[in-house]
Amino acid sequence: MHIIIAGGGVAGLSSALILARSGHRATLLEQDPVNNDAMWEASFAWTRKGIPHFHQPHAFIPRGRKVLREVLPDVYDTLLAAGAADLEVWRKAPGGPLGEPPAEDLDLVYMCVRRELIEWALRKAVLAEPNITVRSQTSVIGLLGDHGPVPLIQGIETSAGEHISGDLVVDAMGRRSPLPEWLALLGGLPPETETSECNAVSYGRHFQIRDGNQFPEGPWLFSPRGDLGYAAFTTFIGDNRTFAVLLLAPTWDRELRQLRGEEAFMAACRSIPLLQPLVDPEFAEPITPVLPMGGLQNTLRNYAPHGRPVALGVVPVGDAYCHTDPSFALGLSMSLIHPVELAHALEAHQGDPENQARAYFKGTMPETAERFAVARDTDNARAQVWQGERLDPTRRSGSFPLFMLVAASAVGARDPEVFRKATRRTGFLDRTAIFDDDVELQERVERLFAEIMAAAPRMPVGPSRDALLALIGPVPELA
């Protein structure tokens, strides 16, 4: 098959590699100039106008790393050789393994790597693949195909006025993909779309650890994170001794917009005990400005409601299919999971566009939808707390999303089974039902968390909102 891939981000690059190595011919169209510098360091200076979040913190959670190693082992090796690192969180299981961990724990590994390096490694492999043609500085502006209630897509139109025919179009154009509008122009129905606000503006900054220092070990699973009750923070460990700090503030809190300023951002970090040692100038130095990102939504586009595709000859992958709050770090994993499943569907139903589409969506929608639901429900619960509502994180019958974030995380540090199942759920390795339907396990979490709270009540993880505002100063009037 000749497969046209619209978009050259992680989802597009991964799709091109996976499909080409499955025996197909791929044409990859990317609107930005393609940086093919052999040195990985050059990737951090690449201007990616088409991807606003290109320099934002990213992480390969265990599922994404697992798929990468299995399907694109050469890319995985390239990343490690360029300074990415594996973080074996199975070593943090209560009691610690005495030797090799149980087989089911071997996948409990995060990959510490920045987005720029990931694209560099994928791009290097793509440019060396004989079955892939890369067209840079070329935008897709529409679809070619038969009009009708279920359009059959037969190619694309480019910004240069070209018509490129293909057997399948892969939409890797991200969360703002115009595919639904293009299908309507051909007489088709749009996908059934569900959206919810992430309710947060993120402010991120990358740091370089100074020689002689190491990122600290601690009670956290991957890296420090916490909720202040009116805002939150998280961290990402990167490649080559780098890390990022991400502060999350409510979209409606105008006064916290001051965090976009470097002085205010650093003052806020110094006021949070878990972050203070990380931003100490003797430990690390900032290597980027503060990178704000807002206007985000959790979005799920169902292109096969009730199992019936709304179009044939076109499928979405990655963020074009499902976009979730970046703090859950699901995007990189989905950018690999979707093309793997697509390759299987194409192989199983050769020459049959309808059954290829049915098989693809049947194979991807269940876990894609449940991860969307986790992000949606967690963001909604967090927003309620930030707005002053009192939700109960101590019981499964209270706020279940907060129960998972607070109680299950705390108990996982003491109970091996809770650790394993909660970590596999967070790492996208298990379907959510493995933990969410285990009532006996949840009751144990309730009981053990009550004991933890009775022994040592939770302490504030950072300053009050008023104290933080006093540190960062007011927002300029014209901001």
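One can find the structure itself at the top, above this paragraph.
The model shown is predicted, which means the values in this text are computed figures rather than measured ones. (Residues numbered from 1 in each chain as written. Predicted model: local features only at pLDDT ≥ 70, side-chain atom pairs only at ≥ 80, totals over all residues. Heavy atoms only, no water.)

The subject of this paragraph is unusual backbone geometry. In the Ramachandran plot, R241 falls in the positive-phi region, its phi being about 60° despite a non-glycine side chain. Its identity as a non-glycine residue notwithstanding, A329 has a phi of 55°, on the positive side. The topology assignment puts A329 in the loop between β19 (322-323) and α8 (331-348). (Helix = DSSP H or I, 4+ residues; strand = E, 2+ residues; numbered from the N terminus.)

With the rule as written, the count across this model stands at nine aromatic pairs. Considering the side-chain rings of Y321 and F361, the 5.9 Å spacing of their centres and the 80° angle between planes classify their relative orientation as edge-to-face. Highlighted residues: Y321 in the loop between β18 (314-316) and β19 and F361 in helix α9 (residues 353-386), separated in sequence by 40 residues. We note that Y321, like F361, is buried. Through a chain of ring-to-ring contacts, the aromatic side chains of F207, F215, F243 and F283 assemble into a single cluster. One cation-aromatic arrangement involves R63 over F428; the distance from NZ or CZ to the ring centre is 5.1 Å. (Phe/Tyr/Trp six-rings, centres within 6.5 Å; stacked < 30°, edge-to-face > 60°. Buried < 20%, exposed > 50% of the residue type's maximum accessible area, 1.4 Å probe, protein only. Lys NZ or Arg CZ within 6 Å of the ring centre and 35° of its normal.)

Should their charged atoms come close, side chains of opposite charge can pair. In this structure the tally under the stated criterion is 29 salt bridges. Here R123 ties to E119 by a salt bridge, and the two come within 3.8 Å at their closest N and O atoms. Of the two residues, R123 and E119 both sit in helix α4 (residues 115-127), four residues apart, roughly one turn of that helix. By relative accessible area, R123 is classed as buried at 4%. Between R205 and E262 there is a salt bridge, with its nearest N and O atoms 3.2 Å apart. Here the residue R205 occupies a position in strand β11 (residues 200-209), and E262 occupies one in helix α6 (residues 262-270), the gap between them amounting to 57 residues. Classification of E262 as partly exposed rests on a relative accessible area of 39%. (Salt bridge = Lys/Arg side-chain N within 4 Å of Asp/Glu carboxyl O.)

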